[in-house]
There are 2 protein chains.
Amino acid sequence: MQKRVYMFDEGHKGMRQRLGGKGANLAEMTQIGLPVPYGFTVTTDACHDYYEDGKQLSSTIKEEIIQSLRKLEESTNKQLGDKEKPLFVSVRSGSVVSMPGMMDTVLNLGMNDETVEAQKALTGNGRFAYDSYRRFIQMFSNVVLGIDMYFFESHLDEIKEEKGYVNDPEMTEADWKEVVASYQEIVEKHTRQPFPQDPIEQLMLAVNAVFDSWNNKRAIIYRNLNKIPDSYGTAVNIQSMVFGNTGDDSGTGVAFTRNPSTGENLLYGEFLLNAQGEDVVAGIRTPQPIAQLESAMPEVYKQFVDVSLLLEKHYRDMQDIEFTVEQGKLYILQTRNGKRTAASAVRVAVEMAQAGILTKKEALLRVEPEQLNQLLHRRIDDNAELNQLTKGLPASPGAATGKVVFDSEEAQEFYARGEKVILIRPETTPDDIQGIIAAEAVVTSRGGMTSHAAVVARGMGKPCICGVESLKIDTPAKTFKVGDIEVRHLDTITIDGGTGAIMLGEVPMIEPKISEQFNQLLQWADEEKAIEVRANADNPEDSSKALELGAKGVGLCRTEHMFMQPDRQKLVKEMILSSTVEDRKEALEKLLPIQQEDFEGIFGVMRELPVTVRLLDPPLHEFLPDKEELIVEVTTLRLTEPQSEELKEKEFLLKKVNELAEVNPMLGHRGCRLGLIHPEIYAMQAEAIFNAAITLHKKGIQVKPEIMIPLVGHSNELKIMRQLVIETAEKVLGAANVKVEYTIGTMIEVPRAALTADQIAYEADFFSFGTNDLTQTTFGYSRDDAEGKFLQSYLEDRILPENPFRVLDNEGVGQLVEMGVKKGRAVKPSLKTGICGEHGGEENSIEFCLKTGLDYVSCSPYRVPLARLAAAQATIRNEGILTK
Amino acid sequence: MQKRVYMFDEGHKGMRQRLGGKGANLAEMTQIGLPVPYGFTVTTDACHDYYEDGKQLSSTIKEEIIQSLRKLEESTNKQLGDKEKPLFVSVRSGSVVSMPGMMDTVLNLGMNDETVEAQKALTGNGRFAYDSYRRFIQMFSNVVLGIDMYFFESHLDEIKEEKGYVNDPEMTEADWKEVVASYQEIVEKHTRQPFPQDPIEQLMLAVNAVFDSWNNKRAIIYRNLNKIPDSYGTAVNIQSMVFGNTGDDSGTGVAFTRNPSTGENLLYGEFLLNAQGEDVVAGIRTPQPIAQLESAMPEVYKQFVDVSLLLEKHYRDMQDIEFTVEQGKLYILQTRNGKRTAASAVRVAVEMAQAGILTKKEALLRVEPEQLNQLLHRRIDDNAELNQLTKGLPASPGAATGKVVFDSEEAQEFYARGEKVILIRPETTPDDIQGIIAAEAVVTSRGGMTSHAAVVARGMGKPCICGVESLKIDTPAKTFKVGDIEVRHLDTITIDGGTGAIMLGEVPMIEPKISEQFNQLLQWADEEKAIEVRANADNPEDSSKALELGAKGVGLCRTEHMFMQPDRQKLVKEMILSSTVEDRKEALEKLLPIQQEDFEGIFGVMRELPVTVRLLDPPLHEFLPDKEELIVEVTTLRLTEPQSEELKEKEFLLKKVNELAEVNPMLGHRGCRLGLIHPEIYAMQAEAIFNAAITLHKKGIQVKPEIMIPLVGHSNELKIMRQLVIETAEKVLGAANVKVEYTIGTMIEVPRAALTADQIAYEADFFSFGTNDLTQTTFGYSRDDAEGKFLQSYLEDRILPENPFRVLDNEGVGQLVEMGVKKGRAVKPSLKTGICGEHGGEENSIEFCLKTGLDYVSCSPYRVPLARLAAAQATIRNEGILTK
């Protein structure tokens with residue numbers, strides 16, 4: 001049988017899977033000669049055996065533990081339970097992946113009525129000995145015997161009150177002795193057995209308890225949350241105790257080798273004299289900054305600095321080190337890679353690479369792409385205390401504070417007075433655009449991640465929370481309620497669009513800032529990445545932001561967002577309400593110069609970089625007022641003002657809205673289906689694009705428009721629309737005698753397009769995979785209806801491993817993307833391919849795109865840095881697999 | 001160069017592509033020695049050359065025509081333009097596929113001022129000669145010179161009026177001579193040239209005109225409608241004229257070798273003495289039945305009977321023969337396979353097979369499956385004159401006449417009084433079920449082929465027309481309008497659910513009847529077909545009908561239709577409105593015995609045949625009242641009765657409806673997503689199924705339920721639902737100690753299911769391809785929004801070759817079906833596969849299913865015969881390709 005117990009000097013850091021993270025590091029530190037209290041690790045294999053054997057330790061494992069204990073006793077020259085030189089040990093869990101605080105620990109194991117006296121004799125400190133013993137009883141009883149901590153704590157409080165004490169340090173040896181006795185009574189009362197005095201029994205029970213704690217509730221929840229496999233199991237580390245609380249020549253502390261918040265290369269941490277680890281945590285005494293250890297214990301400090309430098313170099317990463325000083329001697333209890341903020345992660349990685357500790361590639365792999373979000377948006381201060389009211393869908397990242405208003409007029413009014421407001425609506429419509437512009441942020445009680453509010457807010461880089469189902473809005477009364485809590489007009493709230501949280505009152509914020517190291521890291525990323533990153537941008541502002549954040553072109557310019565601008569709404573409505581093609585053409589004629597200006601703006605920013613313009617995509621009814629509101633208005637007017645002009649108008653509008661209404665608008669008359677039925681719309685858009693190109697040509701800028709026909713499902717659709725664009729180009733460019741390098745392509749966003757990509761490719765210069773819609777149609781999920789509803793349960797119950805709208809579903813949707821690329825390139829090897837769904841800014845999806853051989857990903861401007869880093873990481877991880 | 005002109009004795013019937021249908025048959029008849037007026041055919045290749053050469057005849061082709069003309073002249077011993085023995089010819093189009101009346105014909109070509117006199121001399125009939133000449137001028141001027149027929153006809157009318165004549169026969173030779181002269185003047189006035197006297201010029205111009213007519217407007221429309229490729233082109237047949245109007249020893253007629261209406265094996269047709277073909281068409285004189293030819297011309301009749309027997313035997317099909325008798329001599333002008341009714345097609349095919357003329361397989365291929373519909377539904381009499389008001393979507397076949405009513409209560413009321421009514425609604429809801437039951441037929445102005453009305457009516461086998469957008473219903477006024485025509489309450493209309501036509505008043509009908517030959521044919525089909533046919537049936541009545549029409553099991557039993565029955569609606573609403581799982585379980589408890597009864601009924605009919613039961617599929621809001629109506633009600637009540645209980649109730653209902661409302665219900669919370677979130681619903685349904693199986697087991701019937709989980713997109717969904725069904729089975733069957741042979745499978749109806757079929761197959765005993773939904777998701781089309789809207793334009797503009805909801809889209813959706821079968825069988829070779837979308841009853845789709853290796857197709861009961869025949873035909877056509 002495989003060994004189930006390893007002495008620290010038998011292992012090393014490569015044995016994480018078997019020894020757990022803590023055990024492997026303790027072994028490694030022992031191997032490199034650091035002052036680690038000696039001990040041994042019971043492996044994760046033993047944990048599996050434990051569960052397989054019906055939650056008990058087999059006799060072989062017990063035997064191995066005893067043998068290892070003997071070695072430990074030999075090495076320390078102490079013995080567990082010995083009345084003269086007693087050994088005390090700590091028993092700690094240690095999983096493969098760190099699960100801080102999730103599982104159980106027992107310290108001071110080996111204490112009993114006899115060894116406590118031996119400890120008193122050895123240290124000459126009876127108060128310390130009995131304090132240690134009562135700590136052990138308390139911890140062991142709670143962790144191993146399952147007695148609620150409350151019984152011990154309340155008893156201790158009683159005694160202190162009785163004696164008139166406020167804090168523990170006032171307790172004398174006699175007091176602690178009294179506590180020990182009454183603690184033992186509590187145990188006996190609960191377990192109907194005396195507190196176990198046999199140290200071996202104590203040890204075996206503690207090992208069992210640690211294994212049991214692998215499946216305690218909070219550990220399971222933590223694993224679910226962090227996707228840690230249940231099968232890992234935990235190891236148990238048994239280590240001889242060192243005591244930081246034996247006097248003022250002792251102490252304990254924690255330090256990071258660099259600043260975990262800023263990344264500055266300076267030892268960062270704190271220590272407490274005459275204390276054990278839990279005293280630091282308890283927070284009764286305030287620890288001192290680590291730098292002050294130098295004056296308190298100069299020798300120890302020097303030694304610790306050396307150790308920390310050694311450990312950082314050895315592990316090639318910033319370390320989080322726990323240490324204890326026992327009677328002037330330094331012991332290292334633990335080291336691990338330090339958790340850090342995004343800013344710190346970036347700075348540490350870059351500076352370590354610059355110092356030659358890491359290669360650039362390694363540095364790139366050290367930063368979690370998703371973390372970069374923190375650096376780009378204003379966010380809630382990590383240290384802020386939050387009074388969270390409720391949560392919704394995190395529709396657009398960033399944090400904001402403001403006074404609540406309930407309609408767009410008010411939002412504009414208060415904005416004009418210089419007030420900061422947050423717009424609260426059941427849902428928004430194009431009529432609310434001015435209000436959204438005026439507001440700091442938007443919150444809606446209905447709608448999903450693709451609702452009007454979400455899309456518009458993301459476009460503007462404004463925080464937004466959608467689908468807050470718990471929010472009961474009373475618009476006429478200008479209040480909303482969550483449960484019993486009422487928030488009134490102009491009350492202040494704070495929202496975090498990155499998490500979906502809504503807080504009462506104001507909350508401290510951190511402003512985004514882009515450091516030198518941040519730019520350095522992204523520059524290295526650009527050198528590595530084998531896939532281009534573009535941005536989705538619908539206006540010059542977004543385009544500028546995209547360029548600033550490193551986008552190499554616009555991968556998706558949604559022209560409908562231009563239609564939603566307030567100054568165009570009237571014209572757009574006029575166009576939609578036209579009853580003849582002539583009327584519609586007339587309305588389009590008026591929209592033409594405005595669209596042209598839009599394109600001139602964007603082209604002017606992106607200059608020679610490619611800009612993919614998607615022609616009008618959403619169903620026309622999206623530009624008209626809400627149907628249900630109209631029904632209420634018409635019904636009311638019929639009863640109250642049956643003769644009014646207003647009624648006539650509203651009735652006409654309702655008729656039109658009804659005509660255009662669809663049962664499933666997602667699958668309705670939209671995309672190129674609009675262009676095919678109303679070619680005049682696409683013709684106008686194409687004309688605006690070419691006119692804009694001419695304007696820039698005259699300024700000496702050769703723009704590269706890529707005209708994208710959305711929602712193609714059959715090659716004939718693209719064939720006809722391509723012809724329309726070419727004819728428009730010939731007409732417009734011909735008349736101006738200007739040559740523009742333009743291409744025509746399509747979005748692959750319904751399964752049939754991917755399935756017949758070989759036919760569609762004949763008509764396309766490029767494919768852009770619209771994986772938002774492709775995910776909707778491949779799964780048969782309406783994102784608006786699924787997210788926050790049944791999809792939530794699916795994720796909680798692990799029916800789906802991931803939200804497919806966040807992480808591209810490689811198995812299903814990915815298969816179609818691969819098919820599309822393969823079939824498309826088979827007939828047209830020069831076909832350019834990209835992705836412009838939201839997946840374009842998600843790291844796993846970017847890796848998929850890279851492996852599938854796409855030329856670029858496109859994401860919202862603020863995600864461009866993330867995408868650049870993720871692209872670089874994916875490239876590095878797949879070196880050797882990728883051909884280009 | 002390939003020959004461009006063939007004499008009749010140089011061709012044969014196999015040369016259809018080159019000589020056209022008519023030319024090939026004339027050649028064939030010539031070859032087998034029938035009395036065909038001699039002539040030659042200018043090929044379709046010449047037609048292509050004509051168009052390639054910019055619409056002119058090349059000199060080589062002209063030369064070939066002249067040479068062929070010379071041969072014709074030699075053979076007839078007449079010459080074109082000869083003043084003594086003039087040859088006259090007919091010039092007729094003849095395409096590869098018959099396009100009756102679509103292209104142009106010129107008769108009597110060769111007539112001019114001289115040859116008319118020669119004809120007079122030869123026949124001794126001046127009146128006949130000048131009548132022929134004026135006919136020629138009229139026809140030639142119209143067809144070749146493009147002068148409107150009106151000028152000639154109005155002139156002739158003037159002359160007749162002047163002379164006091166009523167009919168043409170009153171005209172004398174002199175009169176016709178006068179007409180000829182004035183006709184020539186009309187031509188000269190229009191063309192500023194004299195009427196062409198040169199017969200060769202006439203001939204060449206006529207050939208050009210026939211080629212031109214290939215692209216006249218009506219021919220193009222006809223080709224579009226009948227999917228005849230534009231590339232075919234037409235041939236031109238030039239044939240020596242025979243005249244049926246030279247006197248009473250002459251005549252002309254048309255006859256079918258069997259009755260085209262009933263199929264009876266008796267010569268069927270009519271003839272007219274002393275007449276040319278167009279006289280029969282003109283309808284001024286009434287032709288006599290063909291049998292009377294025996295007494296009029298016994299010799300000719302006998303000869304004609306022989307010819308018709310010979311032709312039928314030669315062509316091995318019922319023939320449609322045109323003949324002319326010229327001065328006692330019979331000429332055969334044309335033969336072709338006779339068009340026939342469904343009844344005739346079936347009888348002819350079966351009787352010909354029984355007579356040994358055809359093999360059984362050939363007989364099976366002779367009947368168009370779609371035609372069988374005619375034999376199964378009551379239908380409008382083919383001879384009826386229709387006063388068509390408007391058209392909608394043909395949602396459920398069959399014809400009905402009744403008085404219009406506008407709500408369900410009235411429908412029931414009049415039904416109770418024995419009146420026949422047709423229910424007119426904007427759209428129907430479950431509340432209308434009683435009304436639909438009471439009505440003869442249903443018409444809705446909104447909704448598509450999958451709307452509530454359509455689905456329910458098809459289930460009941462009741463005629464239904466949906467989405468009649470031109471219908472403006474005024475429910476309060478109890479009227480509807482189409483344009484300016486108003487139809488009032490209790491006015492009578494007739495509808496044809498097979499075509500979507502709505503007619504004013506009553507229209508004669510034909511009742512369906514199933515003949516002996518029909519059953520014989522289907523029996524032969526069953527012997528041949530290599531794919532099973534099942535039916536979609538939701539109740540015992542449909543199941544019985546399915547069994548009667550030859551289904552071998554139920555392929556789809558939609559349990560939601562049971563939920564829509566009026567007696568369950570209250571319980572279903574109660575179940576949906578439950579706010580806790582306990583309340584819902586209580587409501588389900590009450591539904592259980594009712595569902596069980598449903599299954600007992602169906603199982604009782606199908607007995608040992610398999611029944612695939614699909615668990616609840618549609619979103620729950622489908623069972624609640626219409627949201628928009630509720631909004632109107634609530635708004636009205638708020639203004640009029642703000643304190644009423646009714647308002648409170650309606651507000652509660654509206655709240656629930658809003659909670660359940662979805663933006664895209666097609667892609668929302670339905671199918672197994674319901675079962676996963678509310679497992680109690682599926683558990684109840686499974687329990688009902690097993691309880692029913694036990695009941696039948698006790699009667700000695702071993703039923704075979706196949707439990708189908710709808711809308712699975714990820715194998716985990718099926719895994720969990722399968723477990724639920726198995727647990728229910730173990731509980732229910734275990735308690736009763738009964739063994740039931742059941743299987744569990746899924747519908748493959750979203751693309752992801754097909755793409756990951758290898759994973760899903762692990763959990764499935766069978767796959768049923770739900771190609772309705774699969775088509776919706778693969779194309780990204782909402783059927784409700786597409787059909788009758790943009791899809792209509794797509795079909796008209798040939799963007800799509802077929803309506804993919806009617807004919808399975810092999811290229812796209814079919815690819816997914818193939819993938820599903822292949823991947824599924826790869827991991828589970830025993831996997832049973834079928835299709836249960838509406839495609840299961842469409843012939844091309846059935847052929848696709850056969851070739852893809854599916855085990856069965858399932859369609860609505862009334863389409864089962866069609867499917868059986870189509871399956872047999874597909875099997876025969878693919879013999880040698882299929883492995884089984």
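Conventions and cut-offs
Residues numbered from 1 in each chain as written. Chains lettered and ligands numbered in written order. Predicted model: local features only at pLDDT ≥ 70, side-chain atom pairs only at ≥ 80, totals over all residues. Heavy atoms only, no water. Helix = DSSP H or I, 4+ residues; strand = E, 2+ residues; numbered from the N terminus. Buried < 20%, exposed > 50% of the residue type's maximum accessible area, 1.4 Å probe, protein only. Contact = heavy atoms within 4.5 Å. Areas by Shrake-Rupley, 256 points an atom, 1.4 Å probe, with all protein chains shown as cover. Lys, Arg positive; Asp, Glu negative; His and termini not counted. Charge placed at Lys NZ, Arg CZ, Asp CG, Glu CD. Pairing = 2+ DSSP bridges. Axes fitted to C-alpha atoms, helices over the stretch in contact; angles between N-to-C directions. Least-squares fit on C-alpha atoms with pLDDT ≥ 70 in both. Phe/Tyr/Trp six-rings, centres within 6.5 Å; stacked < 30°, edge-to-face > 60°. Lys NZ or Arg CZ within 6 Å of the ring centre and 35° of its normal. Buried area = accessible area lost by both parts, 1.4 Å probe. Salt bridge = Lys/Arg side-chain N within 4 Å of Asp/Glu carboxyl O. Polar contact = N/O pair within 3.5 Å; in protein donor to acceptor, adjacent residues only side chain to side chain. Domains from an automatic or database assignment. UniProt positions renumbered as here; feature names shortened; annotations may be inferred. Patch = residues over 30% accessible without salt bridge, like charges linked within 9 Å, V, L, I, M, F, W, Y side chains within 5 Å. Core = buried A, V, L, I, M, F, W, Y, C linked by side-chain atoms within 4.5 Å. Parallel < 35°, antiparallel > 145°, perpendicular 65-115°, else oblique. Left-handed = near helix turned anticlockwise from the far one by under 90°. Nonpolar A, V, L, I, M, F, W, Y, C, P; charged D, E, K, R; others polar. Expected span 1.5 Å × (residues − 1).

Before going further, it helps to spend a moment on the overall build of chain A. Within chain A, the regular secondary structure consists of 35 helices and 33 strands. Seen through its C-alpha atoms, chain A measures out along the principal axes to roughly 105 × 70 × 55 Å. Split into buried and exposed, the 884 residues of chain A put 58% on the buried side. Taking the contacts inside chain A whose residues are at least 6 apart along the sequence as the reference set, 69% of them involve residues at least 24 apart. Taken as a whole, chain A presents about 35400 Å² of accessible surface, with 48% of it coming from carbon and sulfur. Each charge sign in chain A was given a centre, from 98 positive and 133 negative side chains, and these centres are 4 Å apart.

So, on to the sheet that holds strand S16 (residues 399-405) of chain B. Residues and elements named next belong to chain B. Spatially, the 8 strands line up as an open sheet ordered S14-S24-S23-S16-S17-S18-S19-S15, and their pairing is mixed. At either end of the open sheet lies a strand with only one pairing partner, and these are strand S14 (388-391) and strand S15 (393-396). Going from strand to strand, the sheet's axes swing by 30° on average, the running direction of each strand aside. Pairing between strand S18 (residues 441-444) and strand S19 (residues 464-466): 2 bridges, direction parallel. Within S19, the position partnered with Val-442 by the bridge is Cys-464.

Our next topic: the environment of Ser-231 of chain B. Residue and element names in this part refer to chain B. Within the secondary structure layout, Ser-231 lies in the loop between helix H9 (217-226) and strand S7 (234-240). For Ser-231, a relative accessible area of 52% puts it in the exposed group. Residues Ser-231 and His-48 lie 183 residues apart in sequence; the distance between their C-alpha atoms is 8.2 Å.

Overlaying chain A on chain B yields an RMSD of 0.3 Å, the required transformation being a rotation through 179° with an accompanying axial translation of 0.0 Å. The relationship between the two copies is best expressed as a two-fold rotation axis. The residues that chain A uses at the interface reappear at the interface of chain B in 100% of cases, marking a shared surface.

What follows is about the packing of aromatic side chains. If you walk through the whole model with that rule in mind, you get 40 aromatic pairs over all chains. An angle of 85° between the planes, with centres 5.3 Å apart, marks the rings of Tyr-50 of chain B and Tyr-51 of chain B as edge-to-face. On the basis of relative accessible area, Tyr-50 of chain B is assigned to the buried category, the value being 2%. Using a relative accessible area of 25% as the deciding quantity, one classes Tyr-51 of chain B as partly exposed. Pairwise contacts between aromatic rings join Phe-779, Tyr-781, Phe-790 and Tyr-794 of chain A into one cluster. For the cation-ring pair, Lys-329 of chain A lies above Tyr-331 of chain A, with the distance from its terminal atom to the ring centre recorded as 4.7 Å. The ring of Phe-414 of chain B has Arg-417 of chain B lying over it, and the distance from NZ or CZ to the ring centre is 4.5 Å.

We now examine the sheet that holds strand S24 (residues 501-504) of chain A. All names here are of chain A. Spatially, 8 strands are ordered S14-S24-S23-S16-S17-S18-S19-S15 in an open sheet, and the strand pairing comes out mixed. Edge positions in the open sheet fall to strand S14 (388-391) and strand S15 (393-396), since each of these has one partner strand only. Put simply, the sheet's adjacent strands are angled 30° from each other on average, direction ignored. Bridge count for S15 against strand S19 (residues 464-466) is 3 bridges, and the pairing is antiparallel. Note on S19: the bridge partner recorded for Ser-396 is Cys-464.

Before going further, it helps to spend a moment on the interface of chain A and chain B. In this complex, chain A contributes 56 residues to the contact, which on the side of chain B involves 56 residues. Between chain A and chain B, the buried area comes to about 4700 Å², and carbon and sulfur atoms account for 58% of it. Here chain A and chain B share 6 salt bridges between them. Among the salt bridges present, the one from Lys-627 of chain A reaches Glu-628 of chain B, with a minimum N-O distance of 2.5 Å. For the pair chain A and chain B, the number of links is 33 residue pairs in polar contact (both at pLDDT 80 or more). Elements supplying a minimum of two residues to the side of chain A that touches chain B: helix H24 (627-640), helix H25 (645-660), helix H26 (672-677), helix H28 (715-736), helix H29 (751-755), helix H31 (771-779), helix H32 (783-796) and helix H33 (810-827) of chain A. Looking at the side of chain A that touches chain B element by element, the count peaks at 8 residues for H24 of chain A.

Okay, the pattern of salt bridges next. Following the criterion strictly, the structure yields 119 salt bridges over all chains and no others. For Lys-163 of chain A, the salt bridge identified is with Asp-175 of chain A, shortest N-O distance 3.3 Å. Separated by 12 residues along the polypeptide, Lys-163 of chain A in helix H6 (residues 149-163) and Asp-175 of chain A in helix H7 (residues 173-191) bring together distant segments of the chain. On the basis of relative accessibility, which here comes to 31%, the residue Lys-163 of chain A falls in the partly exposed class. Residue Arg-446 of chain B is joined to Glu-427 of chain B by a salt bridge in which the shortest nitrogen-to-oxygen separation is 3.3 Å. One end of the pair, Arg-446 of chain B, is in the loop between S18 and helix H18 (452-460); the other, Glu-427 of chain B, is in the loop between strand S17 (421-425) and helix H17 (433-438), and 19 residues separate them in sequence. By relative accessible area, which is 42% here, Arg-446 of chain B ends up partly exposed.

What follows covers the pairing of strand S6 (residues 105-109) of chain A. In the case of a regular strand, side chains alternate between the two sheet surfaces. Residue and element names in this part refer to chain A. Burial runs high along S6: 4 of the 5 residues are buried. Sheet topology places strand S5 (residues 89-95) next to S6; 3 bridges connect them, and they run antiparallel. Its bridge partner lying in S6, Val-91 is registered against Val-106.

In this section: the domain arrangement of chain A. Residues and elements named next belong to chain A. Segmenting chain A into domains produces domain 1 (5-240), domain 2 (251-337), domain 3 (378-510), domain 4 (529-619 + 672-877) and domain 5 (624-661). One C-alpha centre belongs to domain 4, the other to domain 5; they are set 35 Å apart. On the domain 5 side, the residues contacting the 4 residues of domain 4 number 6 residues. Interface area for domain 4 against domain 5, summed over the two sides, is near 410 Å², with a carbon-plus-sulfur share of 82%. Our enumeration of links across domain 4 and domain 5 arrives at 0 salt bridges.

All names here are of chain A. What UniProt calls "binding site: substrate" (unreviewed entry) maps, in this numbering, to Arg-558, Arg-614, Glu-749, Gly-770, Thr-771, Asn-772 and Asp-773. As for its position among the elements, Arg-558 is in strand S27 (residues 554-558). Not counting residues up to four positions away in its chain, the partners in contact with Arg-558 are Asn-536, Asp-538 and Arg-614. A relative accessible area of 3% means that Gly-770 is categorised as buried. If sequence neighbours within four positions are ignored, Gly-770 has contacts with Met-747, Ile-748, Glu-749 and Cys-836.

A cluster of acidic residues, Asp-148, Glu-153, Asp-157, Glu-158, Glu-161 and Glu-162 of chain A, forms a negative patch on the protein surface. Positionally, Glu-153 of chain A belongs in helix H6.

Glancing now at the UniProt feature "domain: Pyruvate phosphate dikinase AMP/ATP-binding" (unreviewed entry) in chain A. Following the UniProt record, the feature "domain: Pyruvate phosphate dikinase AMP/ATP-binding" (unreviewed entry) maps to residues 58-291 and 302-353 of chain A here. In this annotation, residues 302-353 of chain A is assigned 50% helix and 33% strand; the end-to-end C-alpha distance for the span is 26 Å.

Of all hydrophobic cores here, the largest spans 313 residues; its most connected members are Ile-709 of chain A together with Ile-709 of chain B. Other than its neighbours up to four places away in sequence, Ile-709 of chain B contacts Leu-615, Cys-672, Tyr-682, Leu-718, Met-721, Val-725, Ile-744, Gly-745, Thr-746 and Met-747 of chain B. If you look at the next biggest cluster of nonpolar residues, it comprises 78 residues, including Met-29, Ile-137, Met-241 and Phe-243 of chain B.

All names here are of chain B. Across the interface, helix H5 (residues 126-143) lies against helix H7 (residues 173-191) with an axial gap of 8 Å and an inter-helix angle of 20°. Considering the angle they form, H5 stands roughly parallel to H7. Relative to H7, H5 is oriented so that their crossing is left-handed. Residue-level contacts link Gly-126, Arg-127, Tyr-130, Asp-131, Tyr-133, Arg-134, Ile-137, Gln-138 and Ser-141 of H5 to Glu-173, Trp-176, Lys-177, Val-179, Val-180, Tyr-183, Gln-184 and Val-187 of H7. For the contact of H5 with H7, a count of residues per class yields 8 nonpolar, 4 polar and 5 charged.

Turning our eyes to something else, we now look at helix H27 (residues 679-698) of chain B. In a regular helix each residue adds 1.5 Å, so 20 residues correspond to 28 Å; H27 of chain B covers 29 Å between its end C-alpha atoms and thus fits that length. With 15 of 20 residues buried, H27 of chain B lies mostly within the body of the structure.

Residues and elements named next belong to chain B. For Ser-858, the location among the structural elements is in strand S33 (residues 856-859). Exposure remark for Ser-858: the relative accessible area of 0% places this residue in the buried category. There is a polar contact of 3.2 Å between the side chain of Ser-858 and the backbone oxygen of Ala-535. If sequence neighbours within four positions are ignored, Ser-858 has contacts with Arg-534, Ala-535, Asn-536, Gly-555, Leu-556, Ile-835, Cys-836, Gly-837 and Gly-840.

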